[in-house]
Amino acid sequence: SRGLGDVYKRQVQAELEARDFTASAAGGMIEVTMSGAKVLKEVKLNPEVVDKDAIEDLQDVIVAGVNAVITQIEEVSAAEMEKVTGGVNIPGLV
């Protein structure tokens, strides 16, 4: 039988996956929005970063933005699950 704690953990996980997270990187040159389920939803670039002669710089900015939002999702997810589990690390929950 599954306890109430399992039900609550699944509910928190579902709520996190339904949320959108937005992070900026590279000094505000990029803003990335991703769902809590880590589905990329939007990328906003500062026009100053778009230079056809500096494609590698643009690629670096995109990578930094995506990594920043993934880190934010993971940190918030871990904090929310810690509230549910009372700080006990349960593998596979986040």
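Here, every reference points to the structure presented above.
Residues numbered from 1 in each chain as written. Predicted model: local features only at pLDDT ≥ 70, side-chain atom pairs only at ≥ 80, totals over all residues. Heavy atoms only, no water.

(A) Examining the pairing of strand β3 (residues 40–45) more closely. Pairing between strand β2 (residues 30–35) and β3: 5 bridges, direction antiparallel. Bridged to M34 within β3 is L40. Counting the residues that bridge the hairpin from β2 to β3 gives 4 residues, and of these K38 lies at a positive phi of roughly 65 degrees. (Pairing = 2+ DSSP bridges. Helix = DSSP H or I, 4+ residues; strand = E, 2+ residues; numbered from the N terminus.)

(B) Structural context of the pairing of β2. With 5 of 6 residues buried, β2 lies mostly within the body of the structure. Here strand β1 (residues 20–25) runs beside β2; their pairing, made up of 6 bridges, is antiparallel. What sits directly across from T22, in β2, is T33. (Buried < 20%, exposed > 50% of the residue type's maximum accessible area, 1.4 Å probe, protein only.)

(C) Examining the nonpolar core more closely. Grouped together as the largest cluster of nonpolar side chains are 15 residues, with contacts concentrated most on V12, F21, I30 and V69. At the level of secondary structure, the elements contributing two or more residues to this core comprise α1 (4–18), β1, β2 and α2 (55–85). Not counting residues up to four positions away in its chain, the partners in contact with V12 are E80, M81 and V84. (Core = buried A, V, L, I, M, F, W, Y, C linked by side-chain atoms within 4.5 Å. Contact = heavy atoms within 4.5 Å.)

Distances and angles like these do not, on their own, reveal function.
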